[in-house]
Amino acid sequence: MGRSRRTIPEELLLLALDPTTGTTAQPQSLDLGLAGAQLVELALAGRIAPDGDRIAVVMPRPTGDPTLDSALELLRRRGSPVRAVHWIGGPRLGLRQIYLAHLERCGMVHAVAGQMCGVLPTTRYQATDTAISRDIRARLDSAIRTGVPPDPRTAALAALAHAVGLGKHLYPGNEGRSSRSRLRDLIRHDPMGGLVAHAVMDVQNGVAVQPRRNQQAAGVPLQPQAQAHRGSMAHTSVH
């Protein structure tokens, strides 16, 4: 996979990065959004495909992007399609930091060391080329303003931005209310993006874990598939 095209996880993270503070908006939900963005990117690359509400690997060949290939390999090891909501809801925290390091290696951001309260070490990230972030934002603004159906990548990015709560970061206050509403509506323009975005929101609302809790409360043991899910979802680091 060439570097001429930015991936959806990269673009989602750049959208969330505040150019003033060097921090990311919605840090907790952003990890979920990045996991979902990986699924969309892998689908666009022809490696996976939706199977109802599940995700199936259709071509296990690596993409050449180490962060995506880690996700693809985990999906391949499952051996059977996995529900998007279970994949995104698995213990995959840390993706935000992994992608920040990835963007730094790619030269899209640079790390700035600092301290909090003069004691605790902190790291902020500044975009090395603000034109990239402006271009990403302009695509969303155009889709919202014109009402013309966006391309699948932009539609999926919009769906994920809405799902993780970036709408209030991108279009704040009462004056941004209509833009936030139209951002939400863009979810319908890409089936895969819509599937993943809804899964992200379901995880945040606790829908992903509810069936398993109900099973355990009723004394029903977890199926082997669910048990395997817990063990296989540990995130691998970038090589």
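Residues numbered from 1 in each chain as written. Predicted model: local features only at pLDDT ≥ 70, side-chain atom pairs only at ≥ 80, totals over all residues. Heavy atoms only, no water.

An unreviewed UniProt entry annotates the protein as GPP34 family phosphoprotein originating from Streptomyces glycanivorans.

Trainee: Got a sec to walk through the layout of surface pockets? Specific residues and values, please.
Mentor: Of the voids in this model, the largest pocket is the one considered here, and its volume is about 270 Å³. Contributing to the lining of the largest pocket are Leu14, Leu15, Leu17, Asp18, Pro19, Ala127, Thr130, Ser133, Arg134, Arg137, His169 and Leu170. Of all the secondary-structure elements, those providing two or more residues to the lining of the largest pocket are helix 1 (8-16), helix 6 (130-146) and helix 8 (167-170). Here the element with the most residues in the lining of the largest pocket is helix 6; it accounts for four residues. In terms of residue class, the lining of the largest pocket is built from six nonpolar, three polar and three charged. (1 Å grid on protein atoms, 1.4 Å probe; cavity = no way out; pocket = protein on both sides within 12 Å on 5 of 7 lines; lining within 4 Å. Points joined across faces, edges and corners; volume = space filled by probe spheres on them. Helix = DSSP H or I, 4+ residues; strand = E, 2+ residues; numbered from the N terminus. Nonpolar A, V, L, I, M, F, W, Y, C, P; charged D, E, K, R; others polar.)

Trainee: Can you break down helix 10 (residues 191-204) residue by residue, with the values?
Mentor: Look at helix 10: 20 Å from first C-alpha to last across 14 residues, which is about the 20 Å you get at 1.5 Å a residue. Where helix 10 is concerned, the buried positions are Met192, Gly193, Gly194, Val196, Ala197, Ala199, Val200, Met201 and Val203. Residues of helix 10 that are buried sit in contact with helix 2 (27-44), strand 1 (48-51), strand 2 (54-57), helix 4 (84-89) and helix 7 (152-163). Positive phi shows up at Gly206, right after helix 10, with a value of about 85°. (Expected span 1.5 Å × (residues − 1). Buried < 20%, exposed > 50% of the residue type's maximum accessible area, 1.4 Å probe, protein only. Contact = heavy atoms within 4.5 Å.)

Trainee: Which residues make up the sheet that holds strand 1, and what values do they have?
Mentor: If you walk across this open sheet you meet the three strands as 1-2-3, and the pairing is antiparallel. The strands lining the two open edges of the sheet, one partner per strand, are strand 1 and strand 3 (82-83). By the bridge criterion, four bridges tie strand 1 to strand 2 in an arrangement that is antiparallel. Note on strand 2: the bridge partner recorded for Ala49 is Ala56. In the packing of helix 3 (residues 66-78) onto the sheet, the strands contacted are strand 1, strand 2 and strand 3, and the crossing angle to strand 2 comes to about 95°. (Pairing = 2+ DSSP bridges. Axes fitted to C-alpha atoms, helices over the stretch in contact; angles between N-to-C directions.)

Trainee: How would you sum up the packing of aromatic side chains? Please name residues and give values.
Mentor: Scanning the model with the defined rule gives zero aromatic pairs in all. Taking NZ or CZ as reference, Arg137 lies 4.7 Å from the ring centre of Tyr171, over its face. (Phe/Tyr/Trp six-rings, centres within 6.5 Å; stacked < 30°, edge-to-face > 60°. Lys NZ or Arg CZ within 6 Å of the ring centre and 35° of its normal.)

Trainee: Explain the nonpolar core residue by residue, including any values.
Mentor: Counting 61 residues, the largest nonpolar core has Leu12, Leu39, Ile88 and Leu166 as its most contacted members. Secondary-structure elements contributing two or more residues to this core are helix 1, helix 2, helix 3, helix 4, helix 5 (95-105), helix 6, helix 7 and helix 10. No other element matches the eight residues that helix 2 contributes to this core. In this structure Ile88 touches Leu32, Gly36, Leu39, Val196, Ala199, Val200 and Val203, once residues within four positions along its chain are discounted. (Core = buried A, V, L, I, M, F, W, Y, C linked by side-chain atoms within 4.5 Å.)

Trainee: Quick rundown of the packing of helix 2 against helix 5? Include the residues and the values.
Mentor: In the contact formed by helix 2 and helix 5, the axes pass within 8 Å of each other and the chain directions differ by 70°. It follows that helix 2 is roughly perpendicular to helix 5 by the angle criterion. Across the interface between the two elements, Pro27, Leu30, Asp31, Leu34, Ala35 and Gln38 of helix 2 pack against Leu95, Arg96 and Tyr99 of helix 5. Broken down by class, the residue content of the contact of helix 2 with helix 5 amounts to six nonpolar, one polar and two charged. (Parallel < 35°, antiparallel > 145°, perpendicular 65-115°, else oblique.)

Trainee: Any chance you could break down the side chain of Arg153 for me, citing the residues and the numbers?
Mentor: You can see Arg153 is positioned in helix 7. Side chain to side chain, Arg153 and Glu41 meet in a polar contact 2.8 Å long. Setting aside anything within four residues of it in sequence, one finds Arg153 in contact with Arg5, Arg6, Thr7, Ile8, Glu41, Leu44 and Arg139. (Polar contact = N/O pair within 3.5 Å; in protein donor to acceptor, adjacent residues only side chain to side chain.)

Trainee: How would you sum up the environment of Glu104? Please name residues and give values.
Mentor: You can see Glu104 is positioned in helix 5. Separated by 21 residues in sequence, Glu104 and Tyr125 place their C-alpha atoms 8.5 Å apart. The residues touching Glu104, leaving out its near neighbours within four places in the chain, are Val109, His110, Ala111 and Tyr125.

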